Amino acid sequence: EVQLVESGGGLVQPGRSLKLSCVASGFTFNNYWMTWIRQAPGKGLEWVASITNTGGSTYYPDSVKGRFTISRDNAKSTLYLQMNSLRSEDTATYYCTRGGYPYWGQGVMVTVSS
Amino acid sequence: DVVMTQTPPSLSVAIGQSVSISCKSSQSLVYSDGKTYLHWLLQSPGRSPKRLIYQVSNLGSGVPDRFSGTGSQKDFTLKISRVEAEDLGVYYCAQTTHFPPTFGAGTKLELK
C-alpha cells in the first residue's frame, strides 16, 4: 500500500522558517518526480514545488521562488520542503504528492501569524 | 501559465442523478509524446484530494465506473452516472502537460 506521510507543520511568525517532511512507502521512491501542493483555507489547489526523481532539478512558481526549497533523500524515501521568510499568504495545508497525482499525503497545516 | 476554466462552480444533485462537469484549457494539453495529461481529482469534505481519472479517460485505481472522462485538445468533461452520497465534494481538473502544473478552480457537488 502506498503511503505519503507529511510532518513538520505548525504555527510560525512571519519571516520565520519551517521545514516539512514527507515519508513515502509502498513504491520505488527514486523512480518518481515528487511535488508539493498547497491549499489555503477555503481555497483551491496551488502548485508549490516539484523535484525530479534524482533531485537534479527543481521547479517553483514565482510566489515561492527564492524562499522555498524542495529536496529529497532517496535513501530515506523522504521529500522535504524548506520554507523561509514565511508570509501570511503562505498559510495553507501542504500536501505531498507523486508526479501525476495518483497518491496524496494527509496534508499538514502551516499557519503564518504573529 | 495554462488557465483551466471549470464550469459550473457548483452543482446541486439528487442521489441517482447523472451530472457533467466541464473543464476548458487555454492551450492544447497534448504533450509532445502524443498523450494528454489532463486529470480529474475529487476532494471529499475534510479529506485529501484523490485522483479519479488520469490522462483524460483512464480510471484511477479503485474508482467506480460510474465516473468517466472524455475530451481532447482544450475541452474536457467529467461525467458521473448515478451520483451516490460518497461522490459529494469538490472536483478539480488538473493539467501536467505544461509547466507550471495548474488546476481548475473546482466544482462543488452538493446534495439537492
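Notes on the structure follow. Note that the structure is a prediction, hence the values are computed from the model and not measured.

**Things to note about the pairing of strand β10 (residues 108–112) of chain A**
Residues and elements named next belong to chain A. Along β10, the buried face is formed by V108, V110 and V112; none of M109 and T111, which line the opposite face, is buried. Pairing between strand β9 (residues 92–98) and β10: three bridges, direction antiparallel. Bridge pairing links A92 to V110 in β10.

**Section: the sheet that holds strand β1 (residues 3–7) of chain A**
Residue and element names in this part refer to chain A. Across the sheet, four strands lie side by side as β1-β3-β8-β7; this open sheet has antiparallel pairing. Both edges of this open sheet fall to β1 and β7 (68–73), since each of them pairs with a single strand only. Each adjacent strand pair in this sheet contributes to an overall mean axis angle of 15°, direction not counted. Here six bridges tie strand β3 (residues 18–25) to strand β8 (residues 78–83), and the two strands are oriented antiparallel to one another. Looking across to β8, one finds that S21 is bridged to Y80.

**Some thoughts on the nonpolar core**
The biggest cluster of nonpolar side chains holds 27 residues, and the ones touching the most others in it are W36, L79, L81, M83 and Y94 of chain A. Going through the elements one at a time, β3, β4 (34–39), β5 (45–51), β7, β8, β9 and β10 of chain A are the ones with two or more residues in this core. Counting 24 residues, the second largest nonpolar core, distinct from the first, contains V19, W40, F76 and I80 of chain B.

**So, the interface of chain B and chain A**
Tallying the contact residues gives 14 residues for chain B and 18 residues for chain A. Both sides of the chain B and chain A interface together cover about 1,300 Å² of buried area, and 68% of this is carbon and sulfur. Considering only the surface of chain B that becomes buried against chain A, R51, F99 and F103 of chain B emerge as the three largest contributors, covering 41% of it. Counting across the chain B and chain A interface gives zero salt bridges. Sort the elements by how many residues they give to the side of chain B that touches chain A and strand β4 (residues 38–43) of chain B lands first, with three residues. Here the residues of the side of chain B that touches chain A sort into eight nonpolar, four polar and two charged.

**Brief notes about the packing of aromatic side chains**
According to the stated counting rule, one finds twelve aromatic pairs over all chains in the structure shown. Between the aromatic rings of F67 of chain B and Y91 of chain B, the centroid separation amounts to 6.4 Å while the plane-to-plane angle is 35°, which identifies the pairing as tilted. Here F67 of chain B is found in strand β7 (residues 67–72), whereas its partner Y91 of chain B is found in strand β9 (residues 89–95), with 24 residues between them in sequence. Neither residue differs from the other here; F67 of chain B and Y91 of chain B are each classed as buried. Three or more aromatic residues joined by ring pairs make a cluster, and in this case those are F27, F29, Y32 and Y103 of chain A. The ring centre of Y80 of chain A lies 4.6 Å from the NZ or CZ of K19 of chain A, which sits over that ring.

Each value, and the rule that gives it
Residues numbered from 1 in each chain as written. Chains lettered and ligands numbered in written order. Predicted model: local features only at pLDDT ≥ 70, side-chain atom pairs only at ≥ 80, totals over all residues. Heavy atoms only, no water. Buried < 20%, exposed > 50% of the residue type's maximum accessible area, 1.4 Å probe, protein only. Helix = DSSP H or I, 4+ residues; strand = E, 2+ residues; numbered from the N terminus. Pairing = 2+ DSSP bridges. Axes fitted to C-alpha atoms, helices over the stretch in contact; angles between N-to-C directions. Core = buried A, V, L, I, M, F, W, Y, C linked by side-chain atoms within 4.5 Å. Contact = heavy atoms within 4.5 Å. Buried area = accessible area lost by both parts, 1.4 Å probe. Salt bridge = Lys/Arg side-chain N within 4 Å of Asp/Glu carboxyl O. Nonpolar A, V, L, I, M, F, W, Y, C, P; charged D, E, K, R; others polar. Phe/Tyr/Trp six-rings, centres within 6.5 Å; stacked < 30°, edge-to-face > 60°. Lys NZ or Arg CZ within 6 Å of the ring centre and 35° of its normal.

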